[in-house]
Amino acid sequence: MHMLHLLRHAKSSWKDDVEDHERPLNKRGREAARLIGAHLPGAVEAIDLVLCSSAARSRQTLELAIAKFPARPPCLVEDSLYLADCDKLVDRLRQLDESCGNVLLIGHNPGLRDLAVALAEPDSSRSRGLSADKFPTGARASFEVAGRWSGIAGLRHRLVDYTTPASLSGDAR
């Protein structure tokens, strides 16, 4: 059994006159990423591998999200994950070594949301948030992947957790 955690980067700034790839987190995004980081170790336990988009906002989310782990998990920052669509994300996950039991993928919408919807068992009580066509910044969807990584797209998987920064802080926005 594998675990896959999909984490959308936290809220980024549109004020700076920079290329999209280099947009940093804004103040709200940094606060949300710290909140995610405070909850993540208890929610997902030890991570075997983090795959992260090379975008600045994703890398900053990564650093804040893993800051409270007792030991830094292995992290791969990959250009191919920047704005990757569902098919590209699935292709990357199929390449994972079977020894990676617990994987965190940090990236962007619409690819992450589309991947979460494609993977989720439709009758899962936690999939309502996904079916509402929302996967906000800082959202995390965690799946139990029963088969091999190479066959991840061939099956639906149990969605075991779906959180947002608002749900972690108790804010009903």
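Residues numbered from 1 in each chain as written. Predicted model: local features only at pLDDT ≥ 70, side-chain atom pairs only at ≥ 80, totals over all residues. Heavy atoms only, no water.

S.K.: Would you explain the overall build of the protein chain in this entry?
M.R.: Tallying secondary structure elements over the protein chain gives six helices and six strands in all. Reading the helices (α) and strands (β) of the protein chain from amino to carboxyl end gives β-α-β-α-β-α-β-α-α-β-β-α. Rg of the C-alpha trace for the protein chain: 15 Å, near the compact-globule value of 16 Å for 173 residues, within the 12% margin. Across its three principal directions, the C-alpha atoms of the protein chain cover 45 × 35 × 30 Å. Split into buried and exposed, the 173 residues of the protein chain put 49% on the buried side. Long-range contacts, defined here as pairs at least 24 residues apart, represent 75% of the contacts in the protein chain between residues at least 6 apart. Accessible surface computed for the protein chain: about 8600 Å², of which carbon and sulfur atoms make up 49%. (Helix = DSSP H or I, 4+ residues; strand = E, 2+ residues; numbered from the N terminus. Rg over C-alpha atoms; globule rule 2.2 N^0.38 Å. Buried < 20%, exposed > 50% of the residue type's maximum accessible area, 1.4 Å probe, protein only. Contact = heavy atoms within 4.5 Å. Areas by Shrake-Rupley, 256 points an atom, 1.4 Å probe, with all protein chains shown as cover.)

S.K.: What is the right way to read the sheet that holds strand S5 (residues 140–145) from this model?
M.R.: Picture the strands of a sheet paired through backbone hydrogen bonds; they go either parallel or antiparallel. A sheet is described by the order of its strands in space; here six strands give the open sequence S3-S2-S4-S1-S5-S6, paired in mixed fashion. In this open sheet, the two strands that pair with only one neighbour each are strand S3 (75–78) and strand S6 (158–163). Taken pair by pair, the neighbouring strands of this sheet meet at an average axis angle of 15°, ignoring direction. With six bridges joining them, strand S1 (residues 2–8) and S5 adopt antiparallel strand pairing. Residue Leu7 lies in a different strand from S5, and its bridge partner there is Arg140. Most of the contacts of helix H2 (residues 56–65) go to strand S2 (residues 49–53), to which it runs at about 150°, and overall it touches S1, S2, S3 and strand S4 (102–107). (Pairing = 2+ DSSP bridges. Axes fitted to C-alpha atoms, helices over the stretch in contact; angles between N-to-C directions.)

S.K.: Teacher, can you tell me more about unusual backbone geometry here?
M.R.: A negative phi angle is the norm for most residues apart from glycine, just as the trans form is the norm for most peptide bonds. With omega at 5°, the peptide bond leading from Asn109 into Pro110 counts as cis. Relative to the assigned elements, Pro110 resides in the loop between S4 and helix H4 (111–119). Phi is positive for Glu45, close to 60°, though the residue is something other than glycine. Its location among the elements puts Glu45 in the loop between helix H1 (27–44) and S2. The phi angle at Leu83 is positive, at roughly 55°, despite the residue not being glycine. As for its placement among the helices and strands, Leu83 is situated in the loop between S3 and helix H3 (86–94).

S.K.: I would appreciate a short explanation of the packing of H1 against H2 in the present structure.
M.R.: The axes of two packed helices give the description: the angle between them and the distance between them. Axis separation between H1 and H2 bottoms out at 7 Å; the angle between their running directions is 40°. As far as their axial angle goes, H2 and H1 are oblique. As H1 runs across H2, the sense of the crossing is right-handed. Here Arg30, Ala33, Arg34, Ile36, Gly37 and Leu40 of H1 come into contact with H2, specifically with Thr61, Leu64 and Ala65. Partitioning the contact of H1 with H2 into residue classes produces five nonpolar, two polar and two charged. (Parallel < 35°, antiparallel > 145°, perpendicular 65-115°, else oblique. Left-handed = near helix turned anticlockwise from the far one by under 90°. Nonpolar A, V, L, I, M, F, W, Y, C, P; charged D, E, K, R; others polar.)

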